[in-house]
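Residue strings, one per chain:
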Amino acid sequence: DTAVSQTPKYLVTQMGNDKSIKCEQNLGHDTMYWYKQDSKKFLKIMFSYNNKELIINETVPNRFSPKSPDKAHLNLHINSLELGDSAVYFCASSVQGVETQYFGPGTRLLVL
Amino acid sequence: AQSVTQLGSHVSVSEGALVLLRCNYSSSVPPYLFWYVQYPNQGLQLLLKYTTGATLVKGINGFEAEFKKSETSFHLTKPSAHMSDAAEYFCAVIASNDYKLSFGAGTTVTVRA
């Protein structure tokens, strides 16, 4: 029944490792997003896909690579993890850009 | 480009008192405005949104907000605070021709018994 789901919920890893976060939505939406929430709770858009096409690519290190295998899925792969990557990563989806964005529960990433 | 300023990073209210969270926006085109709430260790949940039409918008849990174009504001209110209202609140703006949702820095609400 979960509208936007993310796995894993928690991720603890060492510097230099590569990790992936998965997101799935069952709302039939065309657009999906990745946001990063830092330790001060500031939310910033990272990427957005519309119908599997990348439409937003903010100033994010190229160690971060999103992949959308289909409209319902948007994954985030992070190479060579750094301490500063520790944050909560939220996936979201919407019908179109200006419509309400529905958020997943977040993935709490801690890089040691 | 769009941006949002939330005045006051922390608001403390007594149970039963008025909750007022301030949000001012900047947008070069007609904006769509949102308020989201985030409970501890959870994702964001939409409280209410303004797109077009009536400027007083009612949302869930007794919250409402008024869009004031002349003041570029979209303040959130609730007449009577409940303990369950303790959370982080985010104001957000998106241009009517865009996909990029810009969030304010958030306001933490604590409710005193």
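For the structure, check the block above.
Residues numbered from 1 in each chain as written. Chains lettered and ligands numbered in written order. Predicted model: local features only at pLDDT ≥ 70, side-chain atom pairs only at ≥ 80, totals over all residues. Heavy atoms only, no water.

Undergrad: Give me the overall build of chain B: which residues, what numbers.
TA: On a plain count of helices and strands, chain B comes out with 0 helices and 11 strands. Taken from N to C terminus, the helices and strands of chain B fall in the order β-β-β-β-β-β-β-β-β-β-β. Computed over its C-alpha atoms, the radius of gyration of chain B comes to 13 Å, within 12% of the 13 Å expected for a compact globule of 113 residues. For chain B, the spread of C-alpha atoms along the three principal axes comes to 45 × 30 × 20 Å. Buried residues in chain B amount to 45% of all 113 residues. (Helix = DSSP H or I, 4+ residues; strand = E, 2+ residues; numbered from the N terminus. Rg over C-alpha atoms; globule rule 2.2 N^0.38 Å. Buried < 20%, exposed > 50% of the residue type's maximum accessible area, 1.4 Å probe, protein only.)

Undergrad: Now, about the pattern of salt bridges: what can you tell me, with residues and values included?
TA: One pass over the full model with this rule turns up 8 salt bridges over all chains. With a closest N to O distance of 4.0 Å, B:Glu88 and A:Lys41 form a salt bridge. A residue pair is termed interchain when its members come from two chains, as with B:Glu88 in strand β9 (residues 87-95) and A:Lys41 in the loop between β4 (31-37) and β5 (43-50). Note on B:Glu88: relative accessible area 6%, which makes it buried. Take A:Lys41: its relative accessible area is 37%, and that puts it in the partly exposed class. One salt bridge connects B:Lys78 with B:Asp85, and the closest N-O pair in it is separated by 2.9 Å. The same class applies to B:Lys78 as to B:Asp85, namely buried. What emerges from the salt-bridge pattern is a single network uniting A:Lys44, A:Glu58 and B:Lys100. (Salt bridge = Lys/Arg side-chain N within 4 Å of Asp/Glu carboxyl O.)

Undergrad: Explain the interface of chain A and chain B residue by residue, including any values.
TA: Facing the 24 residues of chain A at the interface are 23 residues of chain B. Carbon and sulfur atoms supply 59% of the area that chain A and chain B bury against each other, a total of about 1,800 Å² over both sides. At the junction of chain A and chain B, the tally comes to 2 salt bridges. In this structure, B:Lys100 and A:Glu58 form a salt bridge, with 2.8 Å as the shortest nitrogen-oxygen distance. Inspection of the region where chain A meets chain B yields 5 residue pairs in polar contact (both at pLDDT 80 or more). Looking at the side of chain A that touches chain B, the elements with two or more residues in it are β4, β5 and β6 (53-57) of chain A. Per element, the largest residue contribution to the side of chain A that touches chain B is 4 residues, and it comes from β4(A). (Contact = heavy atoms within 4.5 Å. Buried area = accessible area lost by both parts, 1.4 Å probe. Polar contact = N/O pair within 3.5 Å; in protein donor to acceptor, adjacent residues only side chain to side chain.)

By themselves, these observations are geometric and do not establish any function.
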